[in-house]
Amino acid sequence: MNDRLKALADAGVSIWLDDLSRERLTSGSLAELIQDKHVVGVTTNPTIFAKAISDADAYAEKISRLAAEGVSTDEAIRVITSDDVRDAADLFKPVYDDTEGQDGRVSIEVEPSLARDTEKTNRQAKELWEAVGRENVFVKIPATKEGLPAITATLAAGISVNVTLIFSLDRYKAVADAFLSGMEQAIENGHDVTKMASVASFFVSRVDTEVDKRLDAIGTDQAKALKGKAAIANARLAFEAYEEIFDTDRWREIETAGAKPQRPLWASTGTKDPSYSPTMYVDNLVTRGVVNTMPEATIKAVEEHSQFSGDTVRGQYDAARKVIADLERLGISYDEVVQVLEDEGVAKFDASWSELQDTVTAALKGAAQVTAPKVSTHNGDWSEVVDRLVSEKIASRIAAKDATIWGPEAESEASIRLGWVDLHETSRPLLAEIEALQADFRSEGLDRVVLSGMGGSSLAPEVITRTAGVELVVLDSTDPSVVARALAGDLSKTVIVVSSKSGGTVETDSHRRTFVKAFTDAGIDAASRVVVVTDPGSPFEKLSADEGYRKTFLADPNIGGRYSALTAFGLVPSGLAGADIAELLDQAAEAAPELQADSTDNPALWLAAVLAASAGRDKAIITAEGSDIVGFPDWAEQLIAESTGKNGTGVLPVAVEVGAPELRSEAADLTNALLAEKATSGVPTALTSGSLGGQFLLWEVATAVAGYLLGINPFDQPDVESAKKAARGLLDAQPEPEAAAFTEGSVEVRGSEGLLDGVDSLQGAVDALLGKLDEKGYLAVMAYLDSERDADLVSVRPALATRTGRPVTFGWGPRFLHSTGQYHKGGHPEGVFLQITGAHPTDVEIPDRPFTFGTLISAQAAGDANVLAERGRPVLRLHLTDPASGVQQFRALFGN
Ligand SMILES: O=C(CO)[C@@H](O)[C@H](O)[C@H](O)[C@H](O)COP(=O)(O)O
Ligand SMILES: O=C[C@H](O)COP(=O)(O)O
């Protein structure tokens with residue numbers, strides 16, 4: 001055991017490693033540092049990852065899988081870095097537990113190009129936190145001026161933060177203030193702050209590098225005498241500020257809720273000037289309650305010859321102040337030095353990030369290959385079913401567009417719904433048209449693409465663009481704050497794709513009207529910014545022509561919305577946003593022969609068999625645990641729910657997050673259909689893999705086959721219309737809202753008949769609803785709220801699944817009406833329904849319509865609840881009079 005490192009740890013300095021790589025994880029060298037060298041945490045940054053990933057061999061396998069799935073460079077970087085950080089976090093978990101969350105932490109940094117953008121930093125911090133999915137992680141955010149509000153917002157969301165790139169005392173104080181505000185808000189928002197932590201990474205050696213350079217230029221003895229002193233003086237003064245800030249009533253108030261102070265972390269502590277001691281930025285910064293993150297060489301140097309005695313920080317403040325004052329007297333401006341360092345710091349990380357992107361782009365190109373879809377089945381034997389499907393030639397008949405497969409009643413619908421089987425050929429001519437339009441837009445500086453579409457018109461483009469890592473603003477909500485946010489983007493760079501097969505969908509029509517007015521109000525020729533995708537002959541085709549919209553793409557009418565991923569509906573918005581849509585068609589083309597073959601090797605037959613021929617099992621848990629296709633379960637959910645959930649039968653798709661409780665359930669009515677590498681429980685499971693284009697076709701064929709096995713018509717959606725009709729009725733009649741049974745805090749409570757008898761608390765109301773769940777039941781949470789603003793609500797899904805032991809679907813309204821909404825009304829009548837709506841502090845008008853977005857979404861929610869209640873389903877309706885506090889109040893019921 002090494003005495004010097006132990007002495008440092010005993011003196012209260014947490015020793016962290018400023019490095020991470022796959023090699024460190026697989027070789028066991030990180031584990032050794034933890035075990036033998038007192039290392040209790042890890043920091044990473046873009047430079048560290050750029051270096052790690054340049055070791056191509058360590059990442060080769062992962063890169064080739066990512067290449068096969070067609071993911072973008074940025075998405076690949078996200079996967080690689082968050083996988084490494086997650087594995088390191090797991091290695092440090094015992095340290096984290098032993099130190100009650102103080103150490104055992106691993107940091108992952110937001111992209112450096114976002115350092116000057118508060119909103120994007122904010123968003124990415126949340127995404128990284130979710131992507132890693134471990135509580136002992138720190139999301140690193142640079143302490144630029146724009147970073148400060150993001151630090152507060154990220155902490156307020158319950159996420160632990162490492163603030164990086166701090167050089168100046170003033171900025172350090174602003175960081176501490178941002179921390180205090182963030183913790184105050186986290187407490188207010190009901191987060192468990194005992195689990196949170198934060199560090200403020202103060203950069204040390206770089207200050208000497210910059211100041212020494214200036215001192216050398218001055219060249220006098222007096223100047224030379226000051227060399228190597230500025231960095232330590234600066235850090236010590238930061239610690240003085242820390243002591244003052246964390247000795248205030250404001251902090252003490254936060255501390256009473258169980259929060260830990262934001263510890264100073266000494267970063268950039270490797271010695272750069274070889275004439276200095278290699279341990280100088282360690283030995284001179286020893287004090288209880290700090291972290292020193294070091295490259296391995298510095299840890300080794302400390303192990304071999306560190307020398308310090310006692311606390312080397314406290315009580316050194318006057319001397320430190322004198323160093324800074326002496327430098328000023330020599331004409332070296334402190335403010336200038338720290339600003340140069342901050343700018344350089346951001347630029348250096350930016351350069352590392354570009355290097356990282358180049359390395360990964362090249363590696364992806366090198367490994368690129370189209371991977372045909374594969375399905376492996378587990379925990380059951382479906383060979384008899386598959387043999388039957390092969391002998392009945394179901395796959396080749398689907399490929400030949402044989403409309404008789406689903407029986408005489410379905411024949412006329414099926415005869416106009418099988419156009420999707422050869423889209424990899426028929427959609428080719430679209431590519432050039434989309435490419436040309438995209439080039440025109442780019443040349444006009446139009447690079448923000450908004451897509452207005454519902455269900456089949458939005459879910460595929462969402463998966464395609466998220467997987468490709470390109471930006472597409474998907475507008476599939478009528479919540480006024482969602483609409484307002486889409487309108488608040490830079491309209492001078494915006495085009496809107498309005499996609500509607502029928503041309504009569506109220507959501508898209510309302511979006512279109514609103515955007516046209518917003519463009520016009522901004523002095524922009526609205527018609528030139530609207531692109532339409534619709535079916536030939538729809539009212540929308542005519543309207544588009546009459547209005548002179550920029551371009552109308554007519555899709556193949558012989559394809560239903562949920563099978564339209566590779567039609568103009570999927571390809572136009574995705575291509576305009578910059579996704580590689582030609583590759584998507586190549587992937588489907590590669591997959592098609594296998595999926596059309598009457599062979600026991602046809603993966604679609606196996607997927608269909610697991611979904612629809614596992615006795616007594618009518619709920620499929622879907623997740624994309626091992627895959628880098630982003631958001632696929634939401635797309636598959638619509639395909640399966642609308643195709644099968646009718647006539648009181650079907651398969652309920654339950655899209656869940658990684659690690660969801662349902663994935664470990666052994667319940668007798670579940671199957672799992674996972675984009676994952678291994679089965680997660682003993683229930684019948686199909687694991688699917690392959691490129692996105694191939695997966696689209698695989699699941700479409702499998703769903704059509706599942707329809708055949710279930711004896712239903714997989715191409716109609718008889719019950720989607722019922723909720724639309726009820727909403728229209730309410731919009732016309734505008735009835736007084738039904739009185740609440742009672743109100744608790746920010747939540748008004750209403751229930752379907754009899755549900756709330758004798759109930760007078762929110763907890764009691766939820767218990768009453770859950771009490772209606774039977775052993776084959778499921779709970780549907782339907783949130784007519786803002787999926788971004790109210791994102792915290794999502795955490796109730798796993799909490800409810802754990803509590804009930806039953807599957808829980810979560811849908812944002814009205815989006816889910818075009819997806820699981822069909823199953824809820826037409827499938828097995830086993831659901832109990834929790835609807836959550838919210839007040840609209842600001843509403844958005846819809847031009848030339850007698851209702852606003854606020855009244856529209858309220859009518860949609862009420863109409864949906866009425867239809868469910870009419871069908872005898874229990875419905876609990878919670879209305880949040882203040883969405884922010886209501887969401888937290890509701891979450892608090894489940895201890896989260
Ligand atoms: O910010 C943290 C830890 O929070 C570190 O990873 C930090 O980025 C590194 O210590 C520095 O980038 C290293 O800088 P340098 O030694 O190359 O000057
Ligand atoms: O899934 C389809 C949605 O209900 C939207 O229909 P639409 O494309 O006709 O507007």
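Residues numbered from 1 in each chain as written. Chains lettered and ligands numbered in written order. Predicted model: local features only at pLDDT ≥ 70, side-chain atom pairs only at ≥ 80, totals over all residues. Heavy atoms only, no water.

Notes on the site of ligand 2
Note the following rule: Whether a residue is near a molecule or strand depends on its heavy atoms: it is near if one of them lies within 4 Å of it. Under this definition, polar contacts are N or O atom pairs within 3.5 Å; protein pairs additionally need one hydrogen-donor-capable and one acceptor-capable atom, and for neighbouring residues in sequence, both atoms have to be side-chain atoms. Methods summary: accessible areas were calculated by the Shrake-Rupley approach with a probe of 1.4 Å, and residue burial reflects only the protein chains presented. Grid spacing is 1 Å over the protein atoms alone, the probe is 1.4 Å, and a cavity is where that probe fits but cannot get out, while a pocket is an open set with protein on both sides within 12 Å along at least five of seven lines and lining residues have an atom within 4 Å of a point. Molecules are considered to sit inside a cavity or pocket once more than half of their atoms lie within 2 Å of its grid points. For this classification, the nonpolar set comprises Ala, Val, Leu, Ile, Met, Phe, Trp, Tyr, Cys and Pro, the charged set comprises Asp, Glu, Lys and Arg, and every other residue, Gly included, is treated as polar.
Taken together, the neighbourhood of ligand 2 is formed by Met454, Gly455, Gly456, Ser457, Ser500, Lys501, Ser502, Thr505, Gln638 and His818. The separation between an oxygen atom of ligand 2 and a polar main-chain atom of Gly456 is 2.8 Å. Here Thr505 contributes a side-chain N or O atom positioned 2.5 Å from an oxygen atom of ligand 2. Coverage of ligand 2 by the protein amounts to 89% of the 300 Å² it exposes when considered alone. Assessed atom by atom at 2 Å from the grid points, ligand 2 resides in the second largest pocket. Of the residues assigned to the shell around ligand 2, the class counts are 1 nonpolar, 8 polar and 1 charged.

Examining the sheet that holds strand β14 (residues 551-554)
Where we set the bar: Any two strands with at least two DSSP bridges between them are considered paired. We count a stretch as a helix when DSSP gives it H or I for four or more residues in a row; a strand needs E for two or more, and each element gets its number in order from the N terminus. Angular values range over 0 to 180 degrees, each being the angle between N-to-C directions of two axes fitted as lines to C-alpha atoms, with helices fitted over their stretch in contact. Throughout, a contact is declared for two residues whenever any of their heavy atoms are within 4.5 Å.
An order of β11-β10-β12-β13-β14 is seen for the 5 strands of this open sheet, with the pairing classed as parallel. Strands with a single pairing partner mark the edges of an open sheet, and in this sheet they are β11 (473-475) and β14. The mean inter-strand angle of the sheet, taken between neighbouring strand axes irrespective of direction, is 20 degrees. Sheet topology note: the strand β10 (residues 448-452)/β11 ladder contains 3 bridges and is parallel. Opposite Leu451, over in β11, you have Val474 as the bridge partner. Contacting β10, β11, β12 (494-499) and β13 (530-534), helix α25 (residues 506-521) runs over the sheet at an angle of about 155 degrees to β12.

Some remarks on the packing of aromatic side chains
Rule in force here: Only centres within 6.5 Å qualify two rings of Phe, Tyr or Trp (six-membered ring in Trp) as a pair; their planes then separate them into stacked at under 30 degrees, edge-to-face at over 60, and tilted for everything else. Residue burial is assigned from relative accessible area. The probe radius is 1.4 Å, only protein chains are included, and a residue is buried under 20% of its type maximum, exposed over 50%, and partly exposed in between. Remark: a charge is flagged as sitting over a ring if the NZ atom of Lys or the CZ atom of Arg is within 6 Å of the ring centre and within 35 degrees of the ring normal.
By the definition in use, this model includes 22 aromatic pairs. Ring centres of Phe810 and Trp812 lie 5.1 Å apart, and the angle between their planes is 75 degrees; on these two criteria the pair is classed as edge-to-face. We note that Phe810, like Trp812, is buried. Three or more aromatic residues joined by ring pairs make a cluster, and in this case those are Phe179, Phe239, Tyr242, Phe246 and Trp251. One residue, Arg105, lies across the ring of Phe138, its end atom 5.0 Å from the ring centre. Cation over ring: Lys551 sits above Phe553, and NZ or CZ is 5.1 Å from the ring centre.

Here we look at the site of ligand 1
The immediate surroundings of ligand 1 are formed by 15 residues, with Asp18, Asn162, Thr164, Ser201 and Arg206 found nearest. Interatomic distance of 2.5 Å between a side-chain N/O atom of Asp18 and an oxygen atom of ligand 1. At 3.0 Å from an oxygen atom of ligand 1 is found a side-chain nitrogen or oxygen belonging to Lys140. For ligand 1, whose unbound accessible area comes to 440 Å², protein coverage reaches 87%. Elements supplying a minimum of two residues to the shell around ligand 1: β5 (161-166), β6 (198-203) and β7 (263-267). Tallied by class, residues from the shell around ligand 1 come to 4 nonpolar, 7 polar and 4 charged.

Structural notes on empty space enclosed by the protein
Rolled over the atoms, a probe as big as a water molecule pinpoints where empty space is left. Inclusion rule: Grid points are joined across faces, edges and corners, and a volume is the space filled by probe spheres set on the points.
According to the stated counting rule, one finds 3 cavities of 30 Å³ or more in the structure shown. Its boundaries defined by the atoms lining it, the largest cavity holds a volume of some 90 Å³. For the largest cavity, the full set of lining residues is Val207, Val211, Ala230, Asn234, Ile324, Leu327, Ile332, Ser333, Tyr334, Val337 and Val338. Secondary structure elements with two or more residues in the lining of the largest cavity: α10 (205-218), α12 (230-245), α16 (317-329) and α17 (334-367). Here the lining of the largest cavity gets 3 residues from one element, more than from any other, and that element is α17. Class assignment of the residues belonging to the lining of the largest cavity gives a composition of 9 nonpolar, 2 polar and no charged. As a volume, the second largest cavity reaches approximately 40 Å³. Lining of the second largest cavity is provided by Ala395, Ile398, Ala399, Val421, Leu595, Gln596, Leu697 and Val701. Breaking the lining of the second largest cavity down by element, the ones donating at least two residues are α19 (394-399) and α31 (692-710). Per element, the largest residue contribution to the lining of the second largest cavity is 3 residues, and it comes from α19. Classifying every residue of the lining of the second largest cavity gives 7 nonpolar, 1 polar and no charged.

Overview of unusual backbone geometry
Along the chain, Gly813 connects to Pro814 via a cis peptide bond; the corresponding omega equals 0 degrees. Note that Pro814 resides in the loop between β22 (808-812) and α35 (820-826). Of note, the phi angle at Leu165 is positive, near 60 degrees, even though the residue is not glycine. Take Leu165: it is sitting in strand β5. Relative accessible area serves as the criterion here: at 3%, Leu165 is assigned to the buried category. Non-glycine residue Asn379 carries a positive phi angle of around 60 degrees. Its relative accessible area of 39% is what places Asn379 among the partly exposed residues.

Points about the side chain of Arg417
When you line up the elements, Arg417 lands in the loop between α20 (408-414) and α21 (423-426). With relative accessibility at 14%, the residue Arg417 sits in the buried group. Within the local environment of Arg417, its side chain forms a polar contact with the backbone oxygen of Pro557, the two atoms lying 3.0 Å apart. Among all residues touching Arg417, those that are not within four sequence positions of it are Lys501, Pro557, Asn558, Ile559, Gly560 and Phe715.

A word on α12
As a reminder, the rule being used: Expected span of a helix, by definition, is 1.5 Å for each gap between consecutive residues, and there is one gap fewer than residues.
In this model α12 runs 23 Å from its N-terminal to its C-terminal C-alpha over 16 residues, within 8% of the 22 Å that 1.5 Å per residue would give. Taken across its 16 residues, α12 has 14 buried, putting it largely inside the fold.

A short note on the domain arrangement of the protein
Put simply, the test is: Domain extents, as shown, originate in an automatic or database domain assignment.
Taken domain by domain, the protein holds domain 1 (3-363), domain 2 (374-419 + 598-710), domain 3 (427-581) and domain 4 (720-892). Just the C-alpha atoms count here: the centres of domain 1 and domain 4 sit 44 Å apart.

Thoughts on the pattern of salt bridges
Any two side chains of opposite charge can pair, on the condition that their charged atoms come close. Operational definition: The salt bridge definition used is simple: a Lys or Arg side-chain nitrogen within 4 Å of an Asp or Glu carboxyl oxygen.
Going through the model one piece at a time under the given rule, you end up with 70 salt bridges. Here Arg806 ties to Asp669 by a salt bridge, and the two come within 2.3 Å at their closest N and O atoms. Note that Arg806 is positioned in the loop between α34 (796-804) and β22 and Asp669 in the loop between β16 (652-655) and β17 (670-674), a separation of 137 residues in sequence. As far as the burial class goes, Arg806 and Asp669 line up, both buried. The network of salt bridges with common partners includes Asp618, Lys619, Asp669, Lys776, Arg806 and Glu830.

Structural notes on the packing of helix α5 (residues 56-68) against helix α6 (residues 73-98)
Threshold: Here the word oblique covers every angle except those under 35 degrees (roughly parallel), over 145 (roughly antiparallel) and from 65 to 115 (roughly perpendicular). Here a crossing is taken to be left-handed if its near helix is turned anticlockwise relative to the far helix by less than a right angle, and right-handed if that turn runs clockwise.
Close contact between α5 and α6 brings their axes to 11 Å; oriented N to C, the two are set at 140 degrees. Classified by the angle their axes make, α5 and α6 are oblique. The handedness of the crossing between α5 and α6 is right-handed. Contact with α5, carried on its side by Tyr59, Lys62, Ile63 and Leu66, involves Ala76, Val79, Ile80, Asp83 and Asp84 of α6 and no other residues of that element. Split into classes, the residues belonging to the contact of α5 with α6 amount to 6 nonpolar, no polar and 3 charged.

A look at the sheet that holds strand β8 (residues 290-294)
Taken in spatial order, the 8 strands of this closed barrel run β1-β2-β3-β4-β5-β6-β7-β8, and their pairing is parallel. When strand polarity is set aside, the average angle formed by the axes of neighbouring strands in this sheet is 30 degrees. Here helix α9 (residues 169-188) sits on the sheet in contact with β5 and β6, set at roughly 170 degrees to β6.

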